[in-house]
Amino acid sequence: MPELPEVETIKLGLQKYLIGHTIKDVKVNKERLVSGDTTSILNAKVVKISRFGKGLVIDLSNKQSIAIHIKMTGQLIYRGSNMPVNSRPDYKKIGKLPGNFTHVTFLLDNGALYYNDMRQFGWIKILRSNKVKELSFFKSLGPEPLKDLDLKTFQSIVKNRKNPIKSILMEQKLIAGIGNIYANDALFVAKINPKRLSCTLSEKEIKNLFNAIEKVLKKGLETHGASKNHFVNALGETGNYQDFFKVYARVGKPCVDCGTKIQKIMFLGRGTFYCPNCQN
DNA sequence: AGTATCCTGGAA
DNA sequence: TTCCAGGATACT
């Protein structure tokens with residue numbers, strides 16, 4: 001599921017409900033997904049929640065942190081102790097918590113945070129706050145779009161390589177946070193074929209792509225993420241970006257610009273969607 | 001650059 | 001029953 005807009009949406013929700021609250025207990029049902037000492041965060045207060053690429057970091061008052069990557073099917077859902085669960089609008093989708101896929105539960109002084117992960121690809125690492133940046137995932141992250149990725153940096157990333165442009169967009173070491181959905185849609189907005197080698201892009205195309213990345217990520221943020229599959233926000237509610245997909249998951253449907261049928265191919269091991277007319 | 005891999009469920 | 005799924009990594 002989750003790419004930059006989705007993880008950012010979760011982050012904003014967690015900030016709202018967790019900051020200033022104390023972790024009273026941690027229950028781990030799937031040891032494989034968790035590393036570090038869970039007792040080291042008991043009675044610590046949540047002071048800060050950050051996102052780096054598709055990763056989340058919860059900083060605690062005792063200089064410990066919880067680093068989380070939810071990968072494909074992870075969910076972080078908060079339920080306050082005073083929320084009447086059965087009446088929640090998301091209850092039908094999420095159901096009882098903890099549920100079958102709840103692998104970790106953080107009990108707080110104001111409720112609980114549940115980590116669900118059907119495919120169990122995600123991870124939660126508990127460690128000293130000053131060690132987070134040493135984790136290989138965070139250490140190797142490239143610049144953040146909408147933040148420290150400027151056009152000049154983007155140009156040098158693109159020009160100096162002869163990889164397919166789609167692989168560059170999705171490479172977290174080069175640019176943080178873009179995954180398959182937003183890579184597909186950004187390439188469509190910029191009218192660039194996903195297979196094009198990056199070094200063959202003109203100045204104009206690079207600029208268009210840079211703007212397209214901003215545009216689709218901002219739309220993703222505005223619509224609170226894409227909930228085609230498992231993504232839900234910190235309250236278990238779905239997002240709306242799936243209603244604005246340009247090409248992603250729209251195989252056989254008409255291109256929003258020219259009406260040509262959107263094609264799907266397997267490329268770089270991922271479903272790749274494009275308009276054969278607009279994206280030559 | 002391509003493929004297998006960690007898992008499970010839903011769609012075809 | 002087979003294939004596919006938005007991630008990241010470790011191989012060839």
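What counts, and at which threshold
Residues numbered from 1 in each chain as written. Chains lettered and ligands numbered in written order. Predicted model: local features only at pLDDT ≥ 70, side-chain atom pairs only at ≥ 80, totals over all residues. Heavy atoms only, no water. Helix = DSSP H or I, 4+ residues; strand = E, 2+ residues; numbered from the N terminus. Buried < 20%, exposed > 50% of the residue type's maximum accessible area, 1.4 Å probe, protein only. Contact = heavy atoms within 4.5 Å. Domains from an automatic or database assignment. Buried area = accessible area lost by both parts, 1.4 Å probe. Salt bridge = Lys/Arg side-chain N within 4 Å of Asp/Glu carboxyl O. Polar contact = N/O pair within 3.5 Å; in protein donor to acceptor, adjacent residues only side chain to side chain. Arc of directions from axis to C-beta. Pairing = 2+ DSSP bridges. Near = heavy atom within 4 Å. Nonpolar A, V, L, I, M, F, W, Y, C, P; charged D, E, K, R; others polar. Axes fitted to C-alpha atoms, helices over the stretch in contact; angles between N-to-C directions.

Let's shift gears to the environment of Thr22. Examined against the element boundaries, Thr22 turns out to sit in the loop between α1 (4–18) and β1 (23–28). Given a relative accessible area of 13%, Thr22 falls into the buried group. Each C-alpha atom, one on Thr22 and one on Ala176, is 30 Å from the other, the two residues being 154 residues apart in sequence. Dropping the residues within four chain positions of it, Thr22 is found in contact with Asn43, Ala44, Lys45, Leu107, Leu108 and Asp109.

Once that is clear, we can look at the domain arrangement of chain A. Each assigned domain of chain A is listed with its residue range as follows: domain 1 (4–139) and domain 2 (151–274). Between the C-alpha centres of domain 1 and domain 2 the distance comes to 28 Å. Contact with domain 1, which involves 23 residues of that partner, is made by 23 residues of domain 2. Summing both partners gives a buried area of about 1900 Å² for domain 1 against domain 2, and 66% of it is carried by carbon and sulfur. Contact with domain 2 buries area across many residues of domain 1, yet Pro5, Glu6 and Thr9 alone supply 27% of it, more than any other trio. Taken together, the connections running from domain 1 to domain 2 amount to 0 salt bridges. Counting the contacts that link domain 1 with domain 2 gives 6 residue pairs in polar contact (both at pLDDT 80 or more). For the side of domain 1 that touches domain 2, the secondary-structure elements that each account for two or more residues are α1, β6 (74–80) and α2 (91–94).

Of all the positions in helix α4 (residues 151–159), only Phe154, Gln155, Ile157 and Val158 are classed as buried. Buried residues along α4 cover an arc of 165° about the axis, so they all sit on one side. Packing partners of the buried residues in α4 comprise α5 (165–170) and α7 (203–222).

The subject of this paragraph is the pairing of strand β7 (residues 102–108). Of all 7 residues in β7, 6 are buried, a share of seventy percent or more. The sheet contact formed by β1 and β7 spans 5 bridges and is antiparallel. Across the sheet, residue Val26 finds its bridge partner in β7, namely Phe106. Bridging between β7 and strand β8 (residues 111–117) involves 6 bridges; their strand directions are antiparallel. The partner of Leu107 across the bridge, within β8, is Ala112.

What surrounds DNA strand B is the set Arg32, Phe101, Met118, Arg119, Gln120, Phe121, Asn163, Pro164 and Leu268. Each atom of DNA strand B within 4 Å of the protein belongs either to a base or to sugar and phosphate, the latter forming 57%. In this structure, a phosphate oxygen belonging to DNA strand B sits 3.4 Å away from a side-chain N or O atom of Asn163. Residue composition of the surface near DNA strand B, grouped by class: 5 nonpolar, 2 polar and 2 charged.

On to the sheet that holds strand β3 (residues 46–52). In space, the 5 strands of this open sheet follow the order β2-β9-β5-β4-β3, with mixed pairing throughout. Either end of the sheet is taken by a strand with one partner, and the two such strands are β2 (34–35) and β3. Across 6 bridges, strand β5 (residues 64–69) lies against strand β9 (residues 123–128) in antiparallel orientation. The partner of Ala67 across the bridge, within β9, is Lys125. The sheet strands contacting α1 are β3 and β4 (55–60), and the helix crosses β3 at an angle near 175°.

Once that is clear, we can look at the sheet that holds β7. On the basis of which strands lie adjacent, the open sheet formed by 4 strands has the order β1-β7-β8-β6 and antiparallel pairing. The open sheet has two edge strands with one neighbour each: β1 and β6. With strand direction ignored, the average angle separating the axes of adjacent strands in the sheet is 15°. Seen against the sheet, α1 touches β6, β7 and β8 and runs at an angle of roughly 25° to β6.

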